[in-house]
Amino acid sequence: MNETHVIMDEAAIRRALTRIAHEILEKNKGIEGCVLVGIKTRGVPLAQRIAKRIFEIEGTPVPCGEIDISSYRDDRKTNGQAVDCQKLFGDDQVSIEDKKVILFDDVLYTGRTIRAAMDALMDCGRPQMIQLAVLADRGHRELPIRADYVGKNVPTSKTEEIEVFLSEIDENDVVRISSRREVLA
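As the structure is a prediction and not an experimental result, all values here were calculated from the model.

## Focus on the sheet that holds strand S1 (residues 2-8)
The strand order across the open sheet built from three strands is S1-S8-S7, with neighbouring strands paired in antiparallel fashion. Either end of the sheet is taken by a strand with one partner, and the two such strands are S1 and strand S7 (160-165). Strand-to-strand, the axes of this sheet are offset by a mean angle of 25°, without reference to chain direction. Across six bridges, the pairing between S7 and strand S8 (residues 174-180) is antiparallel. Each bridged residue has a counterpart across the sheet, and for Val164 the counterpart in S8 is Val175. Against the sheet, helix H1 (residues 10-27) makes contact with S1 and S8, and its axis sits at roughly 50° relative to S1, the strand it touches most.

In structure tokens:
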């Protein structure tokens, strides 16, 4: 039996992303020299939304790309293909060399996805620094990775799961927590 609760609705997600946009601007003293990179799948629309908010605040566009780290995962069999750095920012010729890369993902859990993303980014160049932004941090790290920007900290048990739904992919914006409850016979 599963119990599900909404922990962030559309308005809460919007507020969290607006706050993260302001924190990014404050920490980096503007957006000069920064690039945003979303981890496929749900990190991409998060990065795009932040780029849009930063443009609304500063009036300056920020390069926004996406990265597929599936071939860098240590928990999945892959064909060993490296990331295509030319496609990182689509048709835009943007380099991450000596830039502040702000990496986006939906949920931070063990840290393995982020490690894979950092490996992929390093294959594309040597950024000045990599910062991490996540919509939800649920704890249970297996690697020494922490987010610089967090929409919501959600302490969870190992039996709970955080699900992020974004309108660009899932038709609505909501973050839910689900827990499996054992049924006693």
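## Some thoughts on the sheet that holds strand S5 (residues 129-137)
Within the open sheet, the five strands sit side by side as S3-S2-S4-S5-S6. Their pairing is parallel. Strand pairing shows two members of the sheet lacking a second neighbour, strand S3 (64-67) and strand S6 (149-153), which therefore form its edges. Sheet twist, expressed as the average angle between the axes of neighbouring strands with direction ignored, equals 25°. Here four bridges tie S5 to S6, and the two strands are oriented parallel to one another. Looking at the pairing, Asp137 lines up with Asn153 of S6. Its contacts with the sheet put H1 on strand S4 (100-108), S5 and S6, and the angle it makes with S6 is roughly 150°.

## With respect to the side chain of Gln131
If you trace the backbone, Gln131 turns up in strand S5. Side-chain polar atoms of Gln131 contact the side chain of Tyr149, separated by 2.5 Å. Residue contacts for Gln131: discarding those within four places in its chain leaves Lys27, Asn28, Val101, Ile102, Leu103, Asp148 and Tyr149.

## Focus: the UniProt feature "short sequence motif: PRPP-binding" (unreviewed entry) in the protein chain
The UniProt feature table records "short sequence motif: PRPP-binding" (unreviewed entry) at residues 101-113. Segment residues 101-113 splits into 15% helix and 62% strand. End C-alpha atoms: 16 Å apart.

## A short note on the environment of Thr41
Assignment of secondary structure puts Thr41 in the loop between strand S2 (34-39) and helix H2 (43-58). Given the relative accessible area of 45%, Thr41 is considered partly exposed. In this structure the C-alpha to C-alpha distance between Thr41 and Asp105, which are 64 residues apart in sequence, comes to 8.4 Å.

Basis of the calculations
Per chain, residue numbering runs from 1 following the sequence as it is written. Under the rules for a predicted model, residues below a pLDDT of 70 receive no local features and side-chain atom pairs below 80 are neither given nor counted, while totals for whole chains, interfaces and linings still include all residues. The side-chain values count all of the structure's non-hydrogen atoms but skip hydrogen atoms and water molecules. Any two strands with at least two DSSP bridges between them are considered paired. The helix count covers DSSP runs of H or I at least four residues long, the strand count covers runs of E at least two residues long, and both are numbered beginning at the N terminus. Each axis is a line fitted through C-alpha atoms, taken for helices only over the stretch in contact, and angles between the N-to-C directions span 0 to 180 degrees. Should any heavy atoms of two residues lie within 4.5 Å, those residues are counted as being in contact. What qualifies as a polar contact is a pair of N or O atoms within 3.5 Å, subject to a donor-acceptor requirement within protein and to the restriction that residues adjacent in sequence count only when both atoms come from side chains. UniProt positions are given in the numbering used here, feature names are shortened, and annotations may be inferred rather than shown by experiment. Burial here depends on accessible area, computed with a 1.4 Å probe over protein chains only, as a share of the maximum for the residue type. Under 20% is buried, over 50% is exposed, and the range in between is partly exposed.

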